[in-house]
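A structural walkthrough
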Amino acid sequence: MHPLLHSLNQAQAQAVSSKPENTLVLAGAGSGKTRVLVHKIAWLVQELHYSPFSILAVTFTNKAAAEIKSRVENILQLPVNGMWLGTFHSLAHRLLRTHAVDAGLSKDFQIIDSEDQKKLVKKAIKALNLDEETYTPKESQWFINSKKDKGQRPKQISADNDEHIQTLLNIYEKYENLCEESNLIDFAELLLRVLELFSENEEIRTHYQGRFKYILVDEFQDTNTVQYKWLKLLVNQNNKMMIVGDDDQSIYGWRGAKVENINKFTKDFKDVCVIRLEQNYRSTSVILKAANKLIANNDERMGKNLWSEKESGEPIRIYAAFNEIDEAKFVKAQILTWVEQGGSRNEIAILYRSNAQSRVIEEQLIQAGIPYRVYGGMRFFERAEVKDALAYMQLIANQHNDAAFERVINHPNRGIGQRSLAVLRQYSQDNFCSMWDSAKNCVSDNLLTPKATGSVGSFLHMISMLKEASTTKDLSEIVDLVIKQSGLKLHLQTSNDEKSRQKLENLQELVSAAKNFVMDENQIDLSPLSHFLSHASLEAGDMQGESYQDCVQLMTMHSAKGLEFPLVFMIGVEEGLFPSQMSLDDPHRLQEERRLCYVGMTRAMQKLYMSYAEVRRLYGKEQYHRPSRFISEIGKDDVQEVRTKIQMKSPFTGVSVPKKTISKTHMSGFKLGQQVMHPKFGEGTILDIDGNDANARIRINFSNTGVKNLILSFAKLTPC
DNA sequence: ACAAATACTGTTTTT
DNA sequence: CAGTATTTGT
């Protein structure tokens, strides 16, 4: 057998070694899809002698791209720099830099993130003199992006006599103008421009069709309309494509991803070979069985049944908490037990639907002295102080970037307030020029107060000086100069609180980032400064590299996709939270929530806990939730309830009931959650023990007969 | 021009 | 409740 196929199962080997043809690999959770992708690339190069230059591999995250790159290089034992491997966005970026003029862009365009985008949209709304109450930046931004994700320009959309839509279209159009004037491109635009480039420019299209002999796409269920069209334009009779994805793990529909693209692929392309990877190497079969049962409640699935050779494993434990604090305490207790038994903390993940849920858990973990790490939140290049510094750099690279100009003109304070700014804005609007030019003219024509004239003048001078310096100095020196000359550093040094210290540290970190920055050898014609700025927007930087500490991982179920942990807690599994309130009335969104639950469950390798709280403090109000429908959909077979509602009287009476800790053994010798044998009812799980003597009532969930309440002294129970 | 006070608003976020 | 955004007051 070929060494590349050695470690693969039959389906995986088929995907890797089949002769090049359009292929759909339906890869279930934990079925080794990355492995297939990596081996396929290696196979193409090693066995079929494809040049790396003729392979295009697309992923959604930089992390995934980096992983594929390093694993391929590891197998081939040679660098694969010639290969086009990256995210949709980074590839689009590269294409647009190479073909800027053909794409109708000026060479030094800059990329903006969604925060900058929102500001620009806001500006567009203001410029159109619209009421910001009826046309919120948020809604408008969402409108614009969803249209761009579908590949639509304002002119191609009909408002259907709907005044509201028509206005949103006007905002879209105005926003486009603002972007163009400042030479800015947002994330969606990056992709849309490439689509338009490919569809309108036959020469370029045929060039890339010829160049890419084989195209691989990861996480295909997450592609949006534009990305799909983009790929479709690249494929002709002479090249082939392999897409890898899992319709059951499509959880980004709200961001424009179209699961249907998987199905569409099999119809749009001729003779698509479909390969299913159904053997799971991650979870126990109990977990898989439950996950399969859950996802079976969705319709329009491609169909897939995960199985495992692993032992059945422990049942999924369901904990009915009395409130969110009780839930957190339960999780804490289980973690302590796990660690006591020799488990390590980074084997543990606590997954939740929304970020706000981490707080209560954090409080308990802190109290117990358990180290933890919360994923998500601000990323490095998104932090305000870092973006301030970057805005200076953007302005140095392009003085006509109004967004950058407005961000830094009075930050740190230079005494240029709303009054002066209004003059500058008005002038730029009247004369159709950038804020930079407006400032220049307002200074020379004395249109500002003497004080403001001085401040603006020296600001302009400073930027010009920095621009001058940027041509001779290297990148990290420029960054260093920027944070000093701008006054950002001084500003943070004077305010002497903990926050400022942290911010200062981040700026220093930015200097190091610049120092360590290596230019992508594929784009030599870009200045280091512009290159670095693009990198900063395209790769916001998780900063997850550092902490190697052994700590519990806290994250949303969305960010858990692709990861795996021996012990997983899914918390807040309640109607209205998970599935989320906003998804309850829409069957499609509800199914996406279910897929999210599926993703969450399939993260677990050995043990899975799911919990819900009867009452939860949310937005300052107490909310009563029912257990999530997802819990009942899993069924009873693979599940063990740790405590039932009998304990839940207290929230209604307002009197707190002494809580039973399940780790504590009851004086009867039995403890909650324990497996017992009854002469008549057979095997069961102890759900609750009420009372402390022989008259204690015991509640047991029997696998054959269901839940029964018994008197401890009469029930002849034996542990098993 | 800035700090303080008040109003508002709450999923998920690969780029 | 808690964070942000905007408005108000000096």
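These numbers come from a predicted model, not from an experiment. (Residues numbered from 1 in each chain as written. Chains lettered and ligands numbered in written order. Predicted model: local features only at pLDDT ≥ 70, side-chain atom pairs only at ≥ 80, totals over all residues. Heavy atoms only, no water.)

To continue, consider the protein's contact with DNA strand C. As a structural note, the neighbourhood of DNA strand C is formed by Lys122, Arg359, Tyr619 and Gly620. Near the protein, meaning within 4 Å, the atoms of DNA strand C are sugar or phosphate in a fraction of 53%, with bases accounting for the rest. The side chain of Lys122 places a nitrogen or oxygen atom 2.5 Å from a phosphate oxygen of DNA strand C. Interatomic distance of 3.1 Å between a side-chain N/O atom of Arg359 and a phosphate oxygen of DNA strand C. Taken together, the residues of the surface near DNA strand C sort by class into 1 nonpolar, 1 polar and 2 charged. (Near = heavy atom within 4 Å. Polar contact = N/O pair within 3.5 Å; in protein donor to acceptor, adjacent residues only side chain to side chain. Nonpolar A, V, L, I, M, F, W, Y, C, P; charged D, E, K, R; others polar.)

Time to look at the protein's contact with DNA strand B. Around DNA strand B, the surrounding shell holds 29 residues, and the nearest of these are Arg255, Arg353, Arg379, Thr556 and Arg589. A share of 50% is what sugar and phosphate atoms reach among the atoms of DNA strand B within 4 Å of the protein. One nitrogen or oxygen atom from the side chain of Asn413 is found 3.4 Å from a phosphate oxygen belonging to DNA strand B. In this structure, a phosphate oxygen belonging to DNA strand B sits 3.2 Å away from a side-chain N or O atom of Tyr619.

Attention now moves to the side chain of Glu641. Counting through the fold element by element, Glu641 comes out in strand S16 (residues 639-643). A distance of 3.0 Å separates polar atoms of two side chains, one belonging to Glu641 and the other to Lys636. When near neighbours in sequence (up to four residues on either side) are disregarded, Glu641 contacts Ile318, Lys636, Thr685 and Leu687. (Helix = DSSP H or I, 4+ residues; strand = E, 2+ residues; numbered from the N terminus. Contact = heavy atoms within 4.5 Å.)

Here the focus is the nonpolar core. Within the largest apolar cluster, 60 residues are counted, with the highest numbers of intra-cluster contacts made by Ile215, Phe220, Trp230, Met241 and Phe265. In terms of domain composition, this core takes at least three residues from each of domain 1 (3-100 + 191-279) and domain 2 (110-182). Look past the residues within four positions of Trp230 in its chain and what remains in contact with it is Phe88, Leu91, Ala92, Leu95, Leu191, Val194, Leu195 and Phe198. Core analysis: the second largest hydrophobic core is formed by 47 residues, Ile409, Leu421, Tyr427 and Leu510 among them. (Core = buried A, V, L, I, M, F, W, Y, C linked by side-chain atoms within 4.5 Å. Buried < 20%, exposed > 50% of the residue type's maximum accessible area, 1.4 Å probe, protein only. Domains from an automatic or database assignment.)

The predicted model of chain A has a mean per-residue pLDDT of 89, with 93% of residues at 70 or higher. Contacts for the low-pLDDT stretch residues 645-665, under 50 throughout, to residues beyond four places or in other chains number 41 contacts. (pLDDT = per-residue confidence, 0-100.)

Before going further, it helps to spend a moment on the packing of aromatic side chains. In this description, an aromatic ring pair is defined by two values, namely the gap between the centres and the angle between the planes. Tallied over the full model, the rule gives 20 aromatic pairs. With 5.9 Å between their ring centres and 70° between their planes, Trp84 and Tyr208 make a pair best called edge-to-face. Here Trp84, found in strand S3 (residues 84-87), pairs with Tyr208, found in helix H9 (residues 202-211); they are 124 residues apart in sequence, far enough to count as distant. Classification of Trp84 as buried rests on a relative accessible area of 3%. With a relative accessible area of 4%, Tyr208 lands in the buried category. Aromatic rings pair up to connect Phe60, Trp84, Phe88, Phe198, Tyr208, Phe212 and Trp230 into one cluster. Here the guanidinium or amino end of Arg97 rests over the ring plane of Phe109, the centre of that ring lying 3.9 Å away. In this arrangement the basic side chain of Arg373 is found over the ring face of Tyr375, its NZ or CZ atom lying 4.3 Å from the centre. (Phe/Tyr/Trp six-rings, centres within 6.5 Å; stacked < 30°, edge-to-face > 60°. Lys NZ or Arg CZ within 6 Å of the ring centre and 35° of its normal.)

This part covers the sheet that holds strand S6 (residues 214-217). Spatial ordering of the open sheet is given by S3-S2-S6-S7-S1-S8, a layout of 6 strands whose pairing is parallel. The outermost strands of the open sheet, each flanked by one partner alone, are S3 and strand S8 (273-277). Each neighbouring strand pair of the sheet contributes to a mean axis angle of 15°, computed without reference to strand direction. Relative to strand S7 (residues 240-245), strand S1 (residues 23-27) runs parallel, the two being bridged by 4 bridges. Along S7, the bridge assignment pairs Thr23 with Met242. Across the face of the sheet, helix H1 (residues 10-17) comes into contact with S1, S7 and S8 while running at roughly 145° to S8. Helix H4 (residues 88-98) rests against strand S2 (55-59), S3 and S6 of the sheet, and its axis sits at about 120° to S3. (Pairing = 2+ DSSP bridges. Axes fitted to C-alpha atoms, helices over the stretch in contact; angles between N-to-C directions.)

Attention now goes to the environment of Phe269. Within the secondary structure layout, Phe269 lies in the loop between helix H11 (260-268) and S8. Once the C-alpha coordinates of Phe269 and Trp254 are considered, the two residues, 15 residues apart in sequence, prove to be 26 Å apart. Sequence-distant contacts of Phe269, that is, excluding residues within four places in its chain, are made with Asn22, Tyr228, Lys232, Val235 and Met241.

The subject of this paragraph is the pattern of salt bridges. Per the stated rule, a full pass over the model turns up 44 salt bridges. Note that Lys387 is salt-bridged to Asp113, the shortest N-O span being 2.6 Å. Of the two residues, Lys387 is situated in helix H15 (residues 384-397) and Asp113 in the loop between strand S4 (110-111) and helix H5 (114-127); the sequence distance between them amounts to 274 residues. Taking relative accessible area as the criterion, Asp113 reaches 13% and is therefore assigned buried. Among the ionic contacts, a cluster of salt bridges with common partners joins Asp113, Glu115, Asp116, Lys119, Lys387, Asp388 and Arg407. (Salt bridge = Lys/Arg side-chain N within 4 Å of Asp/Glu carboxyl O.)

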